[in-house]
Amino acid sequence: MDERTLISTYFAGRSTGRSDVVLGIGDDAAVLRFEPDWDLVVATDTIAEGTHFPAGIPARAVGHRALAVNLSDLAAMAAEPLWCSLALSLPAADPMWLEEFAAGFFALADRFGTALIGGDTVRGPLSATVTVQGRVRPGAAVPRTGARAGDGIWVTGNPGDAVAGRYLLDAAAGVPESVRATLLQRFLYPEPRVREGRALAALATAMLDVSDGLHDDIGKLMTASGSGAELDAGLLPLSAELRAAVAERAIECALTGGDDYELCFTAPAQATARLQEVAAAWTVPVTRIGTVVREPGIRWQHAGRVLTVPGSTFRHF
Ligand code: ADP
Ligand code: MG
C-alpha cells in the first residue's frame, strides 16, 4: 500500500467536520480559521534514521533537518512560522549527540524566529517528529489546488543537488572535494524557502515543496489542481556541481531525486514581470520549467524529444 492510499483509506475524511478547518488533510499543511485577522497554519513531519536519513550523519544535521522539512511545508503555504514542538525518539541519551542535535535545531529556529514550545522524549529507534505552527492573512495560504491552464510552472534553487549529496555520503570517488562539499551541504542542511514562500503569497496560484522528487511532486500539484503539465528538461536549473558529480545522470537526479526542499509553484503569465522583480532580491534562483495544460498527466521533453521519466522515485512504503 502506498502512503497516499494508506492516508486516504484510514485517516482522511474520518474526523468530525468543523467549519474552522479551512484546509485539512491533503496539502503541505492545514489551515485553521478561528480568529478574524489570521489563519493558523499547521504541519507535522517525522524524519527517521534509515528512512529519511542514513545512520551516522552528523547530529547537527539531524537537528537542522527535523525542523527544516517542517518549515519547508509552511513555506509551501506562504506562511510565517511562529512556534514548533519536538517529539524525539532516541536509542540512548548521548550528551554529545544531543548537544549537536540541539545546536542544529536552534540555529535554524532562531534564524526564522520560531519558538520551541513543547514536545515529548521517548526511548526507541532514532526519529524526530516536529509540528510547526505559523500564520497567514485570511485566505492568503497558497494551496496545491489553484493551478490553471496557461500558468507557468516554476522551481526555486537547483533540484537534484540533494540526492547527489546523499549518494556522495557513500561513494565520492573521483569527485572534487569542493563539489562534494557543496552537494553534501545541500543534502545535510536543506534551506527552507520561508522568505521566498511568503513573498509568493500574492503571486503563486498553487505551490508545494519538493520532497519526493520534482516529477512526482509536480504530479501531486497537477492532480490536486485537476490539470496537467508540459515541461522542458532543458530548462532545469542544473547546478555546475551536480553536472560535475553525476554527468549525464543530472536530469534524472533533478526529476526523481528527493530531499530538495525547494518550492515548486504555478503563476499566471501576467505575474511573470512582478515575480522576476520580487525574486531579484532572493539569494536563490527561480526558474520557469514548463506550463500548466488542461490535459491531465505530466509530460517532459528534452531537446525536442519526449523524455520518459524512470519510476525510481523515493517511496516510504
Ligand atoms: P508532505 O510531504 O507535504 O509533508 P505528506 O505526503 O507527508 O505531505 O502527507 C500528505 C497529507 O496527508 C498531509 O496533508 C498530511 O498532513 C496528511 N497525513 C499524513 N499522514 C497522516 C495521518 N497518519 N493522519 C492524518 N493525516 C495524515
Ligand atoms: Mg510538503
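Residues numbered from 1 in each chain as written. Chains lettered and ligands numbered in written order. Predicted model: local features only at pLDDT ≥ 70, side-chain atom pairs only at ≥ 80, totals over all residues. Heavy atoms only, no water.

### Focus: the side chain of His 64
Part 1 of the reasoning: With respect to the secondary-structure elements, His 64 resides in helix H2 (residues 59-75).
Part 2 of the reasoning: What makes His 64 buried here is its relative accessible area of 7%.
Part 3 of the reasoning: Discounting residues that sit within four places of it in the chain, His 64 has contacts with Gly 104, Phe 105, Leu 108, Arg 111, Leu 188, Tyr 189 and Pro 190. (Helix = DSSP H or I, 4+ residues; strand = E, 2+ residues; numbered from the N terminus. Buried < 20%, exposed > 50% of the residue type's maximum accessible area, 1.4 Å probe, protein only. Contact = heavy atoms within 4.5 Å.)

### Here's the deal with the environment of Leu 88
Part 1 of the reasoning: Examined against the element boundaries, Leu 88 turns out to sit in strand E4 (residues 80-90).
Part 2 of the reasoning: Aside from chain neighbours lying at most four places away, what touches Leu 88 is Leu 98, Phe 101, Asp 120, Thr 121, Val 122, Ser 127 and Ala 128.

### As for the domain arrangement of the protein
Part 1 of the reasoning: Considered domain by domain, the protein is made up of domain 1 (3-136) and domain 2 (152-307).
Part 2 of the reasoning: Put simply, the middle of domain 1 and the middle of domain 2, counted by C-alpha atoms, are 22 Å apart.
Part 3 of the reasoning: In this complex, domain 1 contributes 27 residues to the contact, which on the side of domain 2 involves 21 residues.
Part 4 of the reasoning: With both sides pooled, the region where domain 1 packs onto domain 2 buries about 2,000 Å², and carbon together with sulfur makes up 58% of that total.
Part 5 of the reasoning: Its largest share of buried area at the contact with domain 2, domain 1 owes to Arg 65, Ala 75 and Phe 112, together 24% of the area lost on that side.
Part 6 of the reasoning: Between the two partners, domain 1 and domain 2, sit three salt bridges.
Part 7 of the reasoning: For Asp 259, the salt bridge is made with Arg 65, and the minimal N-O distance between the two is 2.9 Å.
Part 8 of the reasoning: The interface formed by domain 1 and domain 2 includes six residue pairs in polar contact (both at pLDDT 80 or more).
Part 9 of the reasoning: For the side of domain 1 that touches domain 2, the secondary-structure elements that each account for two or more residues are H2, E4 and helix H3 (95-111). (Domains from an automatic or database assignment. Buried area = accessible area lost by both parts, 1.4 Å probe. Salt bridge = Lys/Arg side-chain N within 4 Å of Asp/Glu carboxyl O. Polar contact = N/O pair within 3.5 Å; in protein donor to acceptor, adjacent residues only side chain to side chain.)

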